[in-house]
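Below are the chains, spelled out letter by letter.
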Amino acid sequence: MKIQIESLQDDFLGQLITPNDPGYDAGRQVWNGEIQRHPSLIARCHGTADVAAAVRFCRDAAHDFTVRGGGHAVAGHAVADGAVLIDLSAMTGTYVDPAARTITAQGGCLNEHVDRESQKHGLGMTGGFVSHTGIGGLVLGGGIGHLMRKFGLSIDALVSCEVVTADGSIVTASAEENPDLFWGLRGGGGNFGIVTNFTFALQPLGPTIYGGLMLWPAAEAPSVLATMRDFLAEAPDEVGIVGNLRLAPPLPIVPEEFHGKPVVGLVATYVGDVSEGERAFAPITQLGNPLVTGYRPQPYVAIQKIVNAAVPHGRHYYWKSHKIGEFNNQVITTLCDHLEKITSPMSSVPIFNFGGAVGRVPEDATAFPHRDAACDINIVGSWLPEQAGDAERHKAWVRGLFDDLAPNSRGVYVNFTSDDAADRVKAAYTAEQWARLTTLKSAFDPDNVFRHNANIPPG
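Described in the following lines is the structure provided in the data block. (Residues numbered from 1 in each chain as written. Predicted model: local features only at pLDDT ≥ 70, side-chain atom pairs only at ≥ 80, totals over all residues. Heavy atoms only, no water.)

## Here we look at unusual backbone geometry
The peptide bond linking Gly206 to Pro207 adopts the cis configuration, its omega dihedral lying at 10°. With respect to the helices and strands, the residue Pro207 is situated in the loop between strand E11 (203–204) and strand E12 (208–217). A positive phi is found at Asn178, a non-glycine position, where the angle reads about 45°. Here Asn178 lies in the loop between strand E9 (170–174) and helix H7 (179–185). Here the phi dihedral of His370 falls at roughly 55°; this positive angle occurs in a residue that is not glycine. Residue placement: His370 occurs in the loop between strand E18 (348–353) and strand E19 (375–383). (Helix = DSSP H or I, 4+ residues; strand = E, 2+ residues; numbered from the N terminus.)

Okay, here's the thing in structure tokens:
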């Protein structure tokens, strides 16, 4: 569909990219290479005024539109065939106020932008587990990360948001201004507007912390996972652990005879004194017969990038996810059984452990439910573009593990929904939260113009 952009050009400072322009094909790509869609126009915004102008343009001309921050959602909500793509990816400015311990970050920022600037002042907040994840989608869905047991979720650090609403207005959402909208933005996803600026409270962090990666062979996976569970039950908030099940990559740090073999890994972080971290993790470092022993003092930003190489842009991804109420022996057995059946050397099963500060925020304080769950298990199928013929086999492995974990499910983290979002988004919230969210949707977006997301319909 040819789109008439003249009326937008007069009120737009950024770049308007049409399907005939040289940068169009690159501009429509998102993280998941499986997603190949063709928007009618890419409106690459320079700032908040451009975002508001693009929303008004789409409303006035009845154009469908999507919104891209980091473009990291596996479902590819950021781009749709025939829709205008309102693109925030060039909006990556940040400002740290070291005296107030806050950072303001534009809606197109990635984790690495926020980490880089805040760490220059020895400050930090909970970001995602991959440094090239966009903060927009991360935060609006809740924001789980390495530091959450100490600092809480990303939304727990959120002070205020600048928001472009469905009619193109610009408002502030905070505890004092539009508090209902502020509540919904903390977990309700991109359903209520486009956040063009986030302001977060920061906490002292590093820049050097204790942490890193350890790997064990699959034969030790039951013991490693049980030890992880029992260790976390008594661990201080400063301790963070992410488990991971996958096939060992062919890296020099992994013994060659284990390349391509099933392994279990634990990524550790300690938010505090390095020597205290070393002592705290002794039960893990002394466990079994590890293949890789990578815990050591290192920059926090380095730990944030540990898994980057395993999830690059352009590879094909498919995943399903459960929040897990209790990480019991049945869950461990199920995980270990499916580790032996894994179909791709690029697939993995990260286990994001909650606890600590996450669980001490009241359930009704934000739109992020089940804070008392043990963990989130994300089942990630991945393969190369040239291996598309194997896609169904890899997806079947994801679905099989997902189905077998279902008896232990406490719903789903909304950011980890994929092609099941239309069916499972309601499971991402309690009944009380869902009722409040649909009412809020009716107030701020009664026509559901923000619908290319894990969608919450007007009530």
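## Focus on the environment of Gly288
Within the secondary structure layout, Gly288 lies in the loop between helix H10 (282–285) and strand E15 (292–293). Between the C-alpha atom of Gly288 and that of Asp167, which follows or precedes it by 121 residues, the distance is 59 Å.

## Notes on the environment of Ala53
Tracing the chain through its elements places Ala53 in helix H3 (residues 48–61). Classification of Ala53 by relative accessible area gives buried; the value is 4%. With 253 residues separating them along the chain, Ala53 and Ile306 place their C-alpha atoms 39 Å apart. The residues contacting Ala53, other than those within four sequence positions of it, are Leu8 and Asp11. (Buried < 20%, exposed > 50% of the residue type's maximum accessible area, 1.4 Å probe, protein only. Contact = heavy atoms within 4.5 Å.)

## Side note on the pairing of E18
With six of six residues buried, E18 is to be regarded as a mostly interior element. Neither face of E18 is open: one carries Ser348, Pro350 and Phe352, the other Val349, Ile351 and Asn353, and all of them are buried. By the bridge criterion, five bridges tie strand E13 (residues 239–247) to E18 in an arrangement that is antiparallel. The residue of E18 that forms the bridge with Leu245 is Val349. Where E18 meets E19, four bridges bridge the pair, whose relative direction is antiparallel. The residue bridging Ile351 from the neighbouring strand is Ile377, located in E19. (Pairing = 2+ DSSP bridges.)

## Structural notes on the nonpolar core
Membership of the largest hydrophobic core comes to 65 residues, with the highest contact counts inside it found for Ile144, Leu185, Phe198, Phe200 and Tyr429. In this structure, Tyr210, Leu225, Val398 and Leu405 belong to the second largest nonpolar core, which totals 46 residues. (Core = buried A, V, L, I, M, F, W, Y, C linked by side-chain atoms within 4.5 Å.)

## Looking at helix H4 (residues 111–119)
Among all positions of H4, only Asn111, Val114, Asp115, Ser118 and Gln119 are buried. Relative to the axis of H4, the buried residues are bounded by an arc of 110° and lie together on one face. Of the surrounding elements, those touching the buried residues of H4 are strand E5 (94–97), strand E6 (102–106), strand E7 (123–124), helix H5 (135–141) and helix H11 (300–303). (Arc of directions from axis to C-beta.)

## Section: a negative patch on the surface
A surface patch of negative charge is lined by Asp337, Glu340, Asp403 and Asp404. Tracing the chain through its elements places Asp404 in helix H13 (residues 391–405). By relative accessible area, Asp404 is classed as partly exposed at 39%. (Patch = residues over 30% accessible without salt bridge, like charges linked within 9 Å, V, L, I, M, F, W, Y side chains within 5 Å. Areas by Shrake-Rupley, 256 points an atom, 1.4 Å probe, with all protein chains shown as cover. Salt bridge = Lys/Arg side-chain N within 4 Å of Asp/Glu carboxyl O. Lys, Arg positive; Asp, Glu negative; His and termini not counted. Charge placed at Lys NZ, Arg CZ, Asp CG, Glu CD.)

Take it as geometry only, folks, not as evidence of what the structure does.
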